[in-house]
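# Observations on the model geometry
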Amino acid sequence: MIGAPSVLSSIPVVLDDLPLRVDRDEVLRFQGYKKGIDVPTGDVVALFDEALHLGEQLMRPRAVYRALRVDGQGADLIEVAGERLNIPEILRLWGRLEAVGGAICTVGDDIETRVRALFDQREFPLAVMLDSVGSAAVESLAEFVNDLLCQGGLAAGLRVTNRVSPGYAGWDTAEQAALWRLCSGAPIGVTLNSSCFMTPAKTISFLVGIGPEARVDHYFSQCRRCWMRDCAYRRAPAETSIHR
Ligand code: SF4
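Residues numbered from 1 in each chain as written. Predicted model: local features only at pLDDT ≥ 70, side-chain atom pairs only at ≥ 80, totals over all residues. Heavy atoms only, no water.

Quick look at the site of the ligand now. As a structural note, the neighbourhood of the ligand is formed by D147, C150, Q151, L154, Q222, C223, C226, M228, C231, Y233 and R234. Using a 2 Å cut-off from the grid points, one finds that the ligand occupies the largest cavity. Mapped by element, the contributors of at least two residues to the shell around the ligand are helix 5 (124–155) and helix 7 (219–224). In terms of residue count, the dominant contributor to the shell around the ligand is helix 5 (4 residues). (Near = heavy atom within 4 Å. 1 Å grid on protein atoms, 1.4 Å probe; cavity = no way out; pocket = protein on both sides within 12 Å on 5 of 7 lines; lining within 4 Å. Sits in = over half its atoms within 2 Å of the grid points. Helix = DSSP H or I, 4+ residues; strand = E, 2+ residues; numbered from the N terminus.)

Written out as structure tokens, the structure is:
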């Protein structure tokens, strides 16, 4: 069991040897399959199994996390450490915050290197499936870290919100740079270029809100798909899926 970092740690915390749980439905969703509607053939399932086996050997899930005190909040604004994060409706969604936490999660670049090699070898189906395995894996990794923070926060009497990433929910991708000034990916070998593109590409950055009054009205849905099976604060039984 991975121990939760202190959710208020202003010193970057590196999380290594993190578990991955790659959900087949999630992988196929990246390929355009609709759950419950599109049924994969035996060939597709075999290809998924091959790509998953390969991916598990190539991926190295890691994350870095850092928290900072919030200096001010507006309806669509969080002020922290001299940065102004413009996130639509964030006050309504997250409520009053004591701090925010930034996280960068990656499965590394070996999987991308192998995907490129497979394309060069014209092994297109396996290349595409392996790429989707990497995408689903980093998504599940970000969920795991979010869950770890949720559990660690509750143990300290603090609520940790769901995650939000630049480029989603109306948060401008350009603010990726501001998020990185709060929590750099350098300790885990992730870089950010001037176009806000992260390398390795199978990387997710996110922000969470933290505080005793932080709004977490999604606990029931969150708990249902949460990894923390033995969480003492669980509000709803766990389901097997890791879908958001
Ligand atoms: S089970 Fe619920 S309360 Fe516990 S860590 Fe998961 S999301 Fe948070």
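In this approach, a probe sized like a water molecule rolls over the atoms, and the result shows the empty space that is left. One pass over the full model with this rule turns up 1 cavity of 30 Å³ or more. Reported here for the largest cavity is a volume of approximately 90 Å³. Considering the residues around the largest cavity, the lining is formed by 13 residues, among which C150, L154, C223, C226 and C231 are closest to the centre. Mapped by element, the contributors of at least two residues to the lining of the largest cavity are helix 5 and helix 7. It is helix 5 that provides the largest number of residues to the lining of the largest cavity, a total of 4 residues. (Points joined across faces, edges and corners; volume = space filled by probe spheres on them.)

Our focus in this paragraph is the layout of surface pockets. Considered as a void within the structure, the largest pocket measures approximately 760 Å³ in volume. In this structure, the largest pocket is lined by 31 residues; those nearest its centre are R163, S165, P166, Y168 and I204. Considered class by class, the residues forming the lining of the largest pocket number 16 nonpolar, 9 polar and 6 charged. Approximately 160 Å³ is the volume attributed to the second largest pocket. Looking at the second largest pocket, it is lined by 12 residues, and the ones nearest its centre are D25, K34, K35, G36 and D38. Grouping the constituent residues of the lining of the second largest pocket by class yields 4 nonpolar, 2 polar and 6 charged. (Nonpolar A, V, L, I, M, F, W, Y, C, P; charged D, E, K, R; others polar.)

When a protein is soluble and globular, its nonpolar side chains tend to lie buried together. In this structure, V145, F206 and I210 are the most contacted members of the largest nonpolar core, which totals 48 residues. Listed by contribution, the elements that provide at least two residues to this core are helix 1 (24–30), helix 2 (42–58), strand 2 (62–74), strand 5 (99–106), helix 4 (110–120), helix 5 and strand 9 (203–211). In terms of residues, this core owes the most to one element, helix 5, which gives 14 residues. Look past the residues within four positions of I210 in its chain and what remains in contact with it is V7, L8, Y65, A67, L97, E98, A99, V100, G101, L158, R159 and V160. By size, the runner-up hydrophobic cluster in this structure holds 17 residues, among which are L68, L85, V164 and L207. (Core = buried A, V, L, I, M, F, W, Y, C linked by side-chain atoms within 4.5 Å. Buried < 20%, exposed > 50% of the residue type's maximum accessible area, 1.4 Å probe, protein only. Contact = heavy atoms within 4.5 Å.)

The N-to-C vectors of helix 2 and helix 4 enclose an angle of 135°; their axes lie 8 Å apart at closest approach. The angle between helix 2 and helix 4 falls in the class oblique. Where helix 2 crosses over helix 4, the two elements pack in a sense that is right-handed. Residues L54, G55 and L58 of helix 2 touch helix 4, and the partners they reach there are D110, I111, R114 and L118. Taken together, the residues that form the contact of helix 2 with helix 4 break down as 4 nonpolar, 1 polar and 2 charged. (Axes fitted to C-alpha atoms, helices over the stretch in contact; angles between N-to-C directions. Parallel < 35°, antiparallel > 145°, perpendicular 65-115°, else oblique. Left-handed = near helix turned anticlockwise from the far one by under 90°.)

These values are about where atoms sit, not about what they do.
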